[in-house]
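Summary of the model geometry
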Amino acid sequence: VKWSSLGLISQAWPCEQRHLGEQAFRAAKATYAELLRQGKEKEAREFEMAAAKAAARDVVVEVKWTGDADIDVQVNEPAGTFCSYRQQRSTSGGVFGGDSYAAGNRPMGGSYSELYICSQGFAGEYQVQLKNVWGKVAGGKVTVDIYTNYLTDKGQKIHHQIPIGDK
């Protein structure tokens, strides 16, 4: 259980498969609790540290907006690969985490987001491309949050408001 849950936690999952990571996290929590119940505190601490390391991500990009519009996000990765709604997994490890507008789970004119996750990325420059598919974004801007070394003690967050037009 320890081996498989850590393996699944270490992976990023697209929306349709997110339940796999969530189930692995619950299994890891139960395993941790069982180790403590058995009095294996050292093994439990080691497992907890391994789970925290598995949950860390090299790069996370979240694009959010409000208004009656759909924005598509594509992340171009250092190895020349890309990840987007149309290419939901890249050979460089990127995963498109979901498009809340396309999912239809929000009312028109609400708040929307797209998410890119790379558990273990290549060193180099990542380029985020935004495309206004249709409609008008409230205030004419989207919010882009970029996290590096996510869930580690070296984590950093970059926050930008990016103007977006028809093109």
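This report concerns the structure included in the present document. (Residues numbered from 1 in each chain as written. Predicted model: local features only at pLDDT ≥ 70, side-chain atom pairs only at ≥ 80, totals over all residues. Heavy atoms only, no water.)

Further remarks concern the overall build of the protein chain. When helices and strands are tallied, the protein chain shows four helices and seven strands. In sequence order, the protein chain lays out its α and β elements as α-α-α-β-β-β-α-β-β-β-β. C-alpha extents for the protein chain along the principal axes are approximately 60 × 35 × 25 Å. The buried share of the protein chain, reckoned over its 167 residues, is 35%. Here the protein chain has roughly 10000 Å² of accessible surface; of this, 54% comes from carbon and sulfur atoms. When the 20 positive and 19 negative side-chain charges of the protein chain are each reduced to one mean point, those points stand 3 Å apart. (Helix = DSSP H or I, 4+ residues; strand = E, 2+ residues; numbered from the N terminus. Buried < 20%, exposed > 50% of the residue type's maximum accessible area, 1.4 Å probe, protein only. Areas by Shrake-Rupley, 256 points an atom, 1.4 Å probe, with all protein chains shown as cover. Lys, Arg positive; Asp, Glu negative; His and termini not counted. Charge placed at Lys NZ, Arg CZ, Asp CG, Glu CD.)

To continue, consider the pattern of salt bridges. Evaluated as defined, the whole model comprises four salt bridges. A salt bridge links Glu34 to Arg37, with the nearest nitrogen and oxygen atoms 2.6 Å apart. With a gap of three residues between them, Glu34 and Arg37 both fall in helix α2 (residues 18–37), about one helical turn apart. Judged by its relative accessible area of 29%, Glu34 is partly exposed. Accessibility expressed as a relative area gives 63% for Arg37, which makes it exposed. In this structure, Glu46 and Lys42 form a salt bridge, with 3.5 Å as the shortest nitrogen-oxygen distance. Placement of both Glu46 and Lys42 in helix α3 (residues 41–55) is noted, with a separation of four residues, approximately one turn of the helix. Its relative accessible area of 45% is what places Glu46 among the partly exposed residues. Classification of Lys42 by relative accessible area gives exposed; the value is 56%. (Salt bridge = Lys/Arg side-chain N within 4 Å of Asp/Glu carboxyl O.)

Turning to the state of the cysteines, a few remarks are in order. Throughout the structure, instances matching the rule amount to zero disulfides. With no disulfide of its own, Cys15 lies 12 Å from the sulfur of Cys83, the closest cysteine sulfur. Since its relative accessible area comes to 38%, Cys15 is described here as partly exposed. No disulfide involves Cys118; its sulfur sits 8.5 Å from the nearest other cysteine sulfur, which is in Cys83. (Disulfide = S-S within 2.5 Å.)

Within the secondary structure layout, Thr143 lies in strand β6 (residues 141–150). A distance of 2.6 Å separates polar atoms of two side chains, one belonging to Thr143 and the other to Gln161. Sequence-distant contacts of Thr143, defined by excluding residues within four places in its chain, comprise Glu62, Val63, Lys64, His159, His160 and Gln161. (Polar contact = N/O pair within 3.5 Å; in protein donor to acceptor, adjacent residues only side chain to side chain. Contact = heavy atoms within 4.5 Å.)

In this model, Asn149 sits at a positive phi of 50°, which is unusual for a non-glycine residue. Note that Asn149 resides in strand β6. One non-glycine residue, Leu151, adopts positive backbone phi at about 65°. Here Leu151 is to be found in the loop between β6 and β7 (156–163). Looking at Leu151, the relative accessible area reads 55%, which means it is exposed.

That's the geometry; what it means functionally is another story.
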